[in-house]
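# Architecture at a glance
Each chain, written out:
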Amino acid sequence: MTAFLVFPDSKTVINMLKGFHIRPCLVDNIPLNIIRCQQLVDQKPMFLQQLVNGVSIGLMYSLIAIGFSMVYGILKIVNFAHGSIFMVGAFLGLILKRAGLPYYLAFPLAAVLTACVGMAIERLAYRPIRGAARSSALISACGAAIVLDNTAQVLFGTATEPYGIGIRSFDFGAITLA
């Protein structure tokens, strides 16, 4: 992080910089560092918005991390397909929403269908090799992830897909929650 100092007048800054052989940058006879301080003050609402964005994506990451640790704790398998199953759930929610279901029905149904996909992967990819070497389980998990990712890429393409669910946003001063 850069620290900015504000001096009482531009002559003080110029006198301090003379010893360093640095030519000060003045805008309307105001040292540039004072202007940068004003820019930092103006960006405070943006910082708060980015803080809210960071917390929300951090919560999503923690949800995935909890899933990783639960699968490893129960099955003793590192499930590399976990993120892909999360993606399948998002696309199932999108499909159900586009099919005309309201979002309060589409998303819980997508969660149930995603659980069914996870159980199917466990039965097809993990259960047959439960007693095998750990490397077999890792290869199987990578294979399941590749199958899910490539299937989604073939079906939906690589462009981002908006949900368009019409949830209104809430404004708290300079912070927007959507």
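Predicted model only: the values in this text are computed from it and were never measured. (Residues numbered from 1 in each chain as written. Predicted model: local features only at pLDDT ≥ 70, side-chain atom pairs only at ≥ 80, totals over all residues. Heavy atoms only, no water.)

### Thoughts on the overall build of the protein chain
Our working definition: By definition, any uninterrupted DSSP run of H or I lasting at least four residues is a helix, any uninterrupted run of E lasting at least two residues is a strand, and each is numbered from the N terminus. Remark: exposure states derive from per-residue accessible area (1.4 Å probe, protein chains only) relative to the maximum for the residue type, with buried under 20%, exposed over 50%, and partly exposed in between. For this analysis, residues touch if any pair of their heavy atoms sits within 4.5 Å. For the accessible areas, the method is Shrake-Rupley and the probe is 1.4 Å, while residue cover comes only from the protein chains on display.
For the protein chain, the helix and strand inventory stands at six helices and four strands. Starting at the N terminus and ending at the C terminus, the protein chain contains elements arranged as α-β-β-α-α-α-α-α-β-β. Taking all 178 residues of the protein chain together, 22% fall into the buried category. Expressed as a percentage of contacts within the protein chain between residues at least 6 apart in sequence, the contacts between residues at least 24 apart total 56%. About 12700 Å² of surface is accessible on the protein chain, with carbon and sulfur atoms providing 69% of the total.

### Remarks on helix H5 (residues 103-126)
Test applied: Multiplying 1.5 Å by the residue count of a helix minus one yields the expected span of that helix.
In this model, H5 (24 residues) spans 32 Å end to end at C-alpha, consistent with the 34 Å of a helix rising 1.5 Å per residue. Considered for burial, the residues of H5 that qualify are Ala106, Ala110, Thr114, Ile121, Glu122, Ala125 and Tyr126.

### Description of the packing of aromatic side chains
Any pair of aromatic rings gets described here by the distance separating the centres and the angle formed by the planes. We apply this condition: Pairing of aromatic side chains here covers Phe, Tyr and the six-membered ring of Trp, requires ring centres within 6.5 Å, and sorts the geometry by plane angle: under 30 degrees stacked, over 60 edge-to-face, intermediate tilted.
According to the stated counting rule, one finds three aromatic pairs in the structure shown. Ring centres 4.1 Å apart and planes at 5° place the aromatic pair phenylalanine 91 and phenylalanine 156 in the stacked group. Taken together, the positions of phenylalanine 91 in helix H4 (residues 82-98) and phenylalanine 156 in helix H6 (residues 134-156) put the pair 65 residues apart, joining distant regions of the chain. The class for phenylalanine 91 is buried, based on a relative accessible area of 17%. Phenylalanine 156 sits in the partly exposed class, given a relative accessible area of 23%.

### A few points about the side chain of asparagine 79
Note the threshold: Between N or O atoms, a polar contact is any pair within 3.5 Å; within protein, one atom must be a potential hydrogen donor and the other a potential acceptor, and residues adjacent in sequence are included only when both atoms are from side chains.
Positionally, asparagine 79 belongs in the loop between helix H3 (44-75) and H4. In this structure the side chain of asparagine 79 is engaged in a polar contact, spanning 3.1 Å, whose partner is the backbone nitrogen of alanine 81. There is a polar contact of 2.4 Å between the side chain of asparagine 79 and the side chain of tyrosine 126. Beyond its immediate stretch of four places on either side in the chain, asparagine 79 contacts Phe68, Val71, Ile85, Tyr126 and Ala141.

### Overview of a nonpolar patch on the surface
Test applied: Residues enter patches when their relative accessible area tops 30% and they take part in no salt bridge; the joining distance is 9 Å for like charges and 5 Å for the nonpolar side chains Val, Leu, Ile, Met, Phe, Trp and Tyr. The term salt bridge refers to a side-chain nitrogen of Lys or Arg lying within 4 Å of a carboxyl oxygen of Asp or Glu.
Together, Phe47, Leu48, Leu51, Val55 and Leu59 make up an exposed nonpolar region whose accessible area comes to about 480 Å². With respect to the secondary-structure elements, phenylalanine 47 resides in helix H3. Residue phenylalanine 47 is classed as exposed on the basis of its relative accessible area, which comes to 54%.

### Thoughts on the pattern of salt bridges
With the rule as written, the count across this model stands at two salt bridges. The salt bridge partner of arginine 127 is glutamate 122, with a shortest N-O separation of 3.4 Å. Notably, a salt bridge pairs arginine 130 with glutamate 122, separated by 2.4 Å at the nearest N-O pair. By relative accessible area, arginine 130 is classed as partly exposed at 45%. Residue classification places glutamate 122 among the buried residues on the basis of a relative accessible area of 14%. Members of the salt-bridge network, linked through shared partners, are Glu122, Arg127 and Arg130.

### Points about the nonpolar core
As a reminder, the rule being used: In this text, buried Ala, Val, Leu, Ile, Met, Phe, Trp, Tyr and Cys residues form a nonpolar core when linked through side-chain atoms within 4.5 Å.
Judged by nonpolar contacts, the single largest core of 20 residues is most densely connected at Ala81, Met87, Val88, Phe91, Ile121, Tyr126 and Leu148. Elements supplying a minimum of two residues to this core: H4, H5 and H6. Per-element accounting of this core gives the leading share, seven residues, to H4. Excluding its chain neighbours within four sequence positions, the residues that come into contact with methionine 87 are Leu148, Asp149 and Ala152.

### Considerations on the confidence of the model for the protein chain
The following threshold applies: The predictor attaches a confidence to each residue, and that confidence, scored 0 to 100, is pLDDT.
Taken as a whole, the protein chain shows an average pLDDT of 77; of its residues, 72% reach a score of 70 or greater. Ignoring residues within four places in sequence, the model shows residues 1-8, a span with pLDDT below 50, making twelve contacts including any to other chains. Low pLDDT (under 50) marks residues 34-41, which in the prediction has eight contacts with non-local residues, meaning those over four places away or in another chain.

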